[in-house]
Amino acid sequence: MRIHHLNCGTMAFGLVDHCLLIETRDSLVLVDTGYGLGCVRDPGKMLGVSRFVLGAKLRESQTAVRQIQALGYDPRDVRHIILTHLDLDHSGGLSDFPEATVHVHGPEFRAATATPTFSERLRYRAQQWEHGPKWMVNEVEGGEDWFGFTTVRDLPGLPPEILVVPLAGHTRGHVGVAVDSGRGWLLHAGDAFLTESSIDPEQPKTPFFVKLFESGAIVGDAHRENQRRLRELNRAHSHELTIINSHDAAVFARLAGR
Ligand SMILES: [Zn+2]
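Just so we're clear, the structure is a prediction, and the values are computed from it rather than from any experiment.

Draft legend 1. Region of the structure containing the state of the cysteines. Taken as a whole, this structure holds zero disulfides when the rule is applied. You can see cysteine 8 has no disulfide; the closest cysteine sulfur is in cysteine 19, sitting 3.8 Å from it. Note on cysteine 8: relative accessible area 1%, which makes it buried. No disulfide involves cysteine 39; its nearest neighbouring cysteine sulfur is the one of cysteine 8, lying 11 Å away.

Draft legend 2. Here's a closer look at the environment of serine 27. As for its position among the elements, serine 27 is in the loop between β2 (18-23) and β3 (28-31). In the structure, serine 27 is positioned 130 residues away from glycine 157 in sequence and 10.0 Å away in space, judged by C-alpha atoms. Residues within four places of serine 27 in sequence aside, it is in contact with Ile22, Asp77, Arg79 and His80.

Draft legend 3. Main features of the coordination of the zinc ion. Protein coordination at the zinc ion comes from Asp89 (OD), His90 (NE2), Asp191 (OD) and His247 (NE2), with a distance range of 2.1 to 2.4 Å. The coordination sphere of the zinc ion comprises four donor atoms, whose angles at the metal cover 86 to 166°; the geometry is irregular. When the donors of the zinc ion are listed by position in the chain, the intervening gaps give D-H-x100-D-x55-H. For aspartate 89, a relative accessible area of 7% translates into the label buried. Among the residues examined, histidine 90 registers a relative accessible area of 0% and is labelled buried.

Draft legend 4. Expanded view of the pattern of salt bridges. A complete count under the given rule lists 14 salt bridges for this structure. Among the ionic pairs, aspartate 77 bridges to arginine 79, the shortest N-O distance being 3.2 Å. Taking the relative accessible area as the measure of exposure, aspartate 77 reaches 31% and is therefore partly exposed. For arginine 79, a relative accessible area of 39% puts it in the partly exposed group. A salt bridge links glutamate 120 to arginine 172, with the shortest nitrogen-to-oxygen separation between them at 2.6 Å. Placement of the pair is glutamate 120 in helix α6 (residues 118-123) and arginine 172 in the loop between β11 (162-166) and β12 (175-180), with a sequence separation of 52 residues.

Draft legend 5. Just the sheet that holds β11, in detail. If you trace the four strands from one edge of the open sheet to the other, you get β11-β12-β13-β14, paired in mixed fashion. The open sheet terminates on both sides in strands that have one partner only, identified here as β11 and β14 (241-244). Going from strand to strand, the sheet's axes swing by 20° on average, the running direction of each strand aside. Contacts between helix α8 (residues 220-237) and the sheet are confined to β13 (185-188) and β14, with β14 contributing the most and set at about 150° to the helix.

Draft legend 6. Seen up close, the packing of aromatic side chains. For the structure shown, the criterion picks out six aromatic pairs. Ring plane angle 75° and centroid distance 5.4 Å describe the contact between tryptophan 146 and tryptophan 185, whose orientation is recorded as edge-to-face. Highlighted residues: tryptophan 146 in strand β9 (residues 144-146) and tryptophan 185 in strand β13, separated in sequence by 39 residues. Judged by its relative accessible area of 4%, tryptophan 146 falls in the buried class.

Draft legend 7. Quick peek at the side chain of threonine 33. Position of threonine 33 among the secondary structure elements: in the loop between β3 and β4 (34-35). The exposure class of threonine 33 is buried, given its relative accessible area of 0%. Of the polar contacts made by the side chain of threonine 33, one reaches the backbone nitrogen of glycine 93; its length is 2.8 Å. Aside from chain neighbours lying at most four places away, what touches threonine 33 is Cys8, Cys19, Ala64, Ile81, Leu83, His90, Ser91, Gly92, Gly93 and Leu94.

Draft legend 8. Main features of the environment of proline 204. Relative to the helices and strands, proline 204 is located in the loop between β13 and α7 (208-214). For the pair proline 204 and arginine 228, spaced 24 residues apart in sequence, the C-alpha to C-alpha distance is 9.7 Å. Ignoring any residue separated from it by four or fewer positions in sequence, one finds proline 204 in contact with Ser197, Ser198 and Arg231.

Draft legend 9. Inspection of the layout of surface pockets at higher detail. Considered as a void within the structure, the largest pocket measures approximately 620 Å³ in volume. Contributing to the lining of the largest pocket are 24 residues, with Val53, Leu54, Asp87, Arg123 and Phe213 lying nearest its centre. Elements with a contribution of two residues or more to the lining of the largest pocket: α3 (50-54), α6 and α7. Its residues assigned to classes, the lining of the largest pocket shows 13 nonpolar, six polar and five charged. Of the voids in this model, the second largest pocket is the one considered here, and its volume is about 230 Å³. Lining the second largest pocket are 13 residues, with Ile3, Ser181, Arg183, Gly184 and Leu186 sitting closest to its centre. Mapped onto the lining of the second largest pocket, the elements with two or more residues apiece are β1 (2-7), β13 and β14. Tallying contributions element by element places β1 first for the lining of the second largest pocket, with three residues. Its residues assigned to classes, the lining of the second largest pocket shows six nonpolar, four polar and three charged.

About the cut-offs
Residues numbered from 1 in each chain as written. Predicted model: local features only at pLDDT ≥ 70, side-chain atom pairs only at ≥ 80, totals over all residues. Heavy atoms only, no water. Disulfide = S-S within 2.5 Å. Buried < 20%, exposed > 50% of the residue type's maximum accessible area, 1.4 Å probe, protein only. Helix = DSSP H or I, 4+ residues; strand = E, 2+ residues; numbered from the N terminus. Contact = heavy atoms within 4.5 Å. Donors = N, O, S within 2.8 Å, 3.2 Å for Na, K, Ca; no water. Tetrahedral: all angles 85-135°; square planar, octahedral: opposite > 155°, others 65-115°. Salt bridge = Lys/Arg side-chain N within 4 Å of Asp/Glu carboxyl O. Pairing = 2+ DSSP bridges. Axes fitted to C-alpha atoms, helices over the stretch in contact; angles between N-to-C directions. Phe/Tyr/Trp six-rings, centres within 6.5 Å; stacked < 30°, edge-to-face > 60°. Polar contact = N/O pair within 3.5 Å; in protein donor to acceptor, adjacent residues only side chain to side chain. 1 Å grid on protein atoms, 1.4 Å probe; cavity = no way out; pocket = protein on both sides within 12 Å on 5 of 7 lines; lining within 4 Å. Points joined across faces, edges and corners; volume = space filled by probe spheres on them. Nonpolar A, V, L, I, M, F, W, Y, C, P; charged D, E, K, R; others polar.

Structural data, given as structure tokens:
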């Protein structure tokens, strides 16, 4: 399967919004959406004051829909979107793909739509899904073993080479997405870690300001434990899998070849 790496949003400190566009046999699959056209055109509505906190630099050319067109594809061929979570910097482009099935983990869907706490109301933005996406809410917590992680296989409509890996912590239903590219596995771990030095197998290190950001994790214990497990996964299996995340610019540059 061909995998394209797209940066669908630049933010403060040079952070990127690393999304994947996957070509399967019969359709395109997007992993996270970044910021969409609605965010560029009406940032107050789609992002609220959080856009200032994140330092979002909104550009139409950086939206997933415009990048997909620039690659020569028809955005209507994006039949599936898999979201690592529903934070506003990950789901801002949903309305650009109204026909796509949107796969989201059950605990995440409920946190964002049914029972958001006060702090969760600051990170989730209901305006991003007021168009009524075709939700596919996954209620399976995972069972099959994948490098020691439980995973959810056989997502409706998706090929078996694409797995969901529950990685709760950053948010209640945060997940990673693993893709068997044919030349090894790629695990998009979303916001389970913010800088790759955190999962360095030799000398893991999380800078102080990154720790500050990470202290916003909804379930702190789970976040720390999953980061530890990802570090262990990286140490033991880096020869057969590549772990990436959403916001590390160096990781994106390496994978995108830029
Ligand atoms: Zn994020």
